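Descriptive structure summary
Here are the chains, one letter per residue:
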Amino acid sequence: MRTVFFGPFIGEFGWELSFWHGWVRKMCRTEFQGDRKIASSYAGRRPFYPSVDEFWPIPDSFRREVASAHGYIADGWIGGYPGRRTWRYTLRSFVGDLRRGRRPEKVLTEEPLPLPPLAPKAEALLGQMKRRLPPETIFFTPWKWNRWEPDRLEFGVEWLPSDGEGGARLRERGIDLQDQWFEPLEPTEEGRREFSSRFDEKGRLIALFPRHRNLRRPEKNWPREKYLELIQRLQTAWPEMTVGLFGEPGGAYFSEGVPEGSLDLINVPASLRMDIQIAALKQARMALGGISGAMLVALAAGTPSLIWGYAAEGARYHRENVLGTPLIYHADSNASVEAVLELARSLQRMSSPTATRPLEVTK
């Protein structure tokens, strides 16, 4: 019997959902079906890996070192890169445009972040796990460059020499959706019990994901004031329902406490947070939120979802909605509360058994 190890996964939540866990499922049920299969990720993410024999949670001490996840890796992985991407003038583009008689335009640049390098700590973590495993163990580590020859598949992260423009360059390739096997996410029995101990009114929950991240893409955040107003309006529109707040401390508004009358699913034990939230999503009537990887989890759990954000992002959410869950994407990153409320009503009608067609709504 061989031993195969998938991980440790230390990157973005959305990437783990869309570009990793489905491939692990596929490999466990095909190539390594009769072998010892181990997956490693953050504590509480066991529901991503129903086909492995063992799940090794990443220690909390390492998780605290991750300032902001980025794809398969994290910001500040090496020398402050990946860094903060901004549109600004550079001396080279400014002078070059003037010489060509053109109006100077801003260019997308990447500036290093003042973060200690995470790559050496990730290598140390992997080394600790390797020492617990047979020397012939087969490893697939998403933050390294991987090749699976039978399918001619390459994925992961590879650092490249500088192109002379300054900064670091990397090649990051996710696993395509068609190379994975997807099924509805299900909680564990422990996750179901923990959720039921907090809320046992089936079908009377609205899931709300109030994303709030400061370091990576803060412009995606919808204002806190709008979420507060939306919660109040939802409670008025559906008094028989409870609004549940989803996310994690440091990545969502209301980590310090949720508004009165709502259900706190943010400040739950980290080791079971995702498990509890998936159990909640399986019972929720709908899920609402601005663009984030967490909204893809709602879709993967089969919860009818309303997402609002940039027009250019809409195609991604429809494409990665691999289960065909009822979805409305509202192409307005600064959506009004009134618009969100009206679309929530539309989502309810659309998610009836006879109407499951995804929609995209523009301004």
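Being a predicted model, the structure only gives us computed values, none of them experimental. Sequence positions are assigned chain by chain, starting from 1 and proceeding in written order. Reporting of local features is limited, given that this is a predicted model, to residues whose pLDDT is at least 70; pairs of side-chain atoms are given and counted only at 80 or more, and all residues count toward the totals for whole chains, interfaces and linings. No hydrogens and no water enter the side-chain calculation; it runs on all heavy atoms of the structure.

**Here we look at the confidence of the model for the protein**
Confidence of the predictor at the level of single residues is given by pLDDT, which spans 0 to 100. Residues at a pLDDT of 70 or more form 85% of the protein, whose mean pLDDT is 87. Contacts from residues 354–359, a stretch scored under 50 in pLDDT, to residues over four places away or in other chains number 14 contacts. The contact criterion used is simple: two residues touch if any of their non-hydrogen atoms lie within 4.5 Å.

**Quick look at the sheet that holds strand β1 (residues 3–6)**
By the convention used here, strands pair only if DSSP detects at least 2 bridges between them. Numbering of helices and strands starts at the N terminus; helices are DSSP runs of H or I of at least 4 residues and strands are runs of E of at least 2. Read across the open sheet, the four strands follow the order β3-β2-β1-β8; overall the sheet is parallel. Each of the sheet's edge strands pairs with one partner strand only, and the pair in question is β3 (54–58) and β8 (138–140). Adjacent strand axes in the sheet meet at a mean angle of 20 degrees when their direction is disregarded. As paired elements, β1 and strand β2 (residues 36–42) share four bridges and run parallel to each other. Residue pairing for β2: T3 is matched across the bridge by R36. A fitted line through C-alpha atoms serves as each axis, taken over the contacting stretch for helices, and the angle formed by two N-to-C directions is quoted from 0 to 180°. The strands touched by helix α2 (residues 21–29) within the sheet are β1, β2 and β8, with β1 carrying the most contacts at an inclination of about 170 degrees.

**A few points about helix α5 (residues 119–130)**
To estimate how far a helix should reach, multiply one less than its number of residues by 1.5 Å. If you check α5, its first and last C-alpha atoms are 16 Å apart, about what twelve residues at 1.5 Å a residue would give, namely 16 Å. Three or more residues of α5 are buried, namely A119, A122, L125, L126, G127 and M129. Against β1, β2, β3, α3 (60–63) and β8 lie the buried residues of α5. In this scheme, a residue with accessible area under 20% of its type's maximum is buried, one over 50% is exposed, and one in between is partly exposed, where area comes from a 1.4 Å probe on protein chains only.

**Structural notes on empty space enclosed by the protein**
Lining residues are those with an atom within 4 Å of a point, where the points come from a 1 Å grid over the protein atoms alone and group into cavities, where a 1.4 Å probe fits but cannot get out, or pockets, open sets with protein on both sides within 12 Å along at least five of seven lines. Grid points are joined across faces, edges and corners, and a volume is the space filled by probe spheres set on the points. Per the counting criterion, the structure on display carries one cavity of 30 Å³ or more. Taken as a whole, the largest cavity encloses approximately 100 Å³ of empty space. Lining the largest cavity are L17, S18, H21, F182, E183, L296, L299, A300, E320, N321, V322 and L323. For the lining of the largest cavity, the elements supplying multiple residues, two or more each, are α1 (13–19) and α9 (293–300). Per-element tally for the lining of the largest cavity: the top contributor is α9, with three residues. The nonpolar class holds Ala, Val, Leu, Ile, Met, Phe, Trp, Tyr, Cys and Pro. Asp, Glu, Lys and Arg form the charged class, and all remaining residues, Gly among them, are polar. By residue class, the composition of the lining of the largest cavity is seven nonpolar, three polar and two charged.

**Observations regarding the side chain of Q277**
Among the secondary structure elements, Q277 is positioned in helix α8 (residues 273–283). Judged by its relative accessible area of 10%, Q277 is buried. Those residues in contact with Q277 that lie beyond four places of it in its chain are F246, G247, L265 and I266.

**Regarding the pattern of salt bridges**
For salt bridges, the criterion is a side-chain nitrogen of Lys or Arg within 4 Å of an Asp or Glu carboxyl oxygen. Summed over the entire model, instances satisfying the criterion amount to 22 salt bridges. Measuring nitrogen to oxygen at the nearest pair gives 3.8 Å for the salt bridge that ties R25 to E183. Separated by 158 residues along the polypeptide, R25 in helix α2 and E183 in the loop between β11 (169–173) and α6 (189–196) bring together distant segments of the chain. In this structure, E186 engages K282 in a salt bridge whose closest nitrogen and oxygen atoms are separated by 3.1 Å. Remark: K282 occurs in helix α8 and E186 occurs in the loop between β11 and α6; sequence separation between them is 96 residues.

**Section: the packing of aromatic side chains**
When the centres of two rings from Phe, Tyr and Trp lie within 6.5 Å, Trp using its six-membered ring, the rings pair. Their planes under 30 degrees apart give stacked, over 60 give edge-to-face, and anything left gives tilted. Tallied over the entire structure, the rule returns 29 aromatic pairs. With a centroid separation of 6.4 Å and an interplanar angle of 40 degrees, the aromatic rings of Y227 and W308 are classed as tilted. Of this pair, Y227 sits in helix α7 (residues 224–237) while W308 is found in strand β16 (residues 305–308), placing the two residues 81 residues apart along the sequence. The same class applies to Y227 as to W308, namely buried. Members of the aromatic cluster, each reached through a chain of ring pairs, are F6, F9, W15, F19, W20, W23, F32, Y72, F140, W148 and F155. When the NZ atom of lysine or the CZ atom of arginine is within 6 Å of a ring's centre and also within 35 degrees of its normal, the charge is said to sit over that ring. If you follow R63 out to its NZ or CZ, it ends over the ring of Y42, 4.7 Å from the centre. The residue whose ring lies beneath R132 is W56, and the NZ or CZ to ring-centre distance is 3.8 Å.

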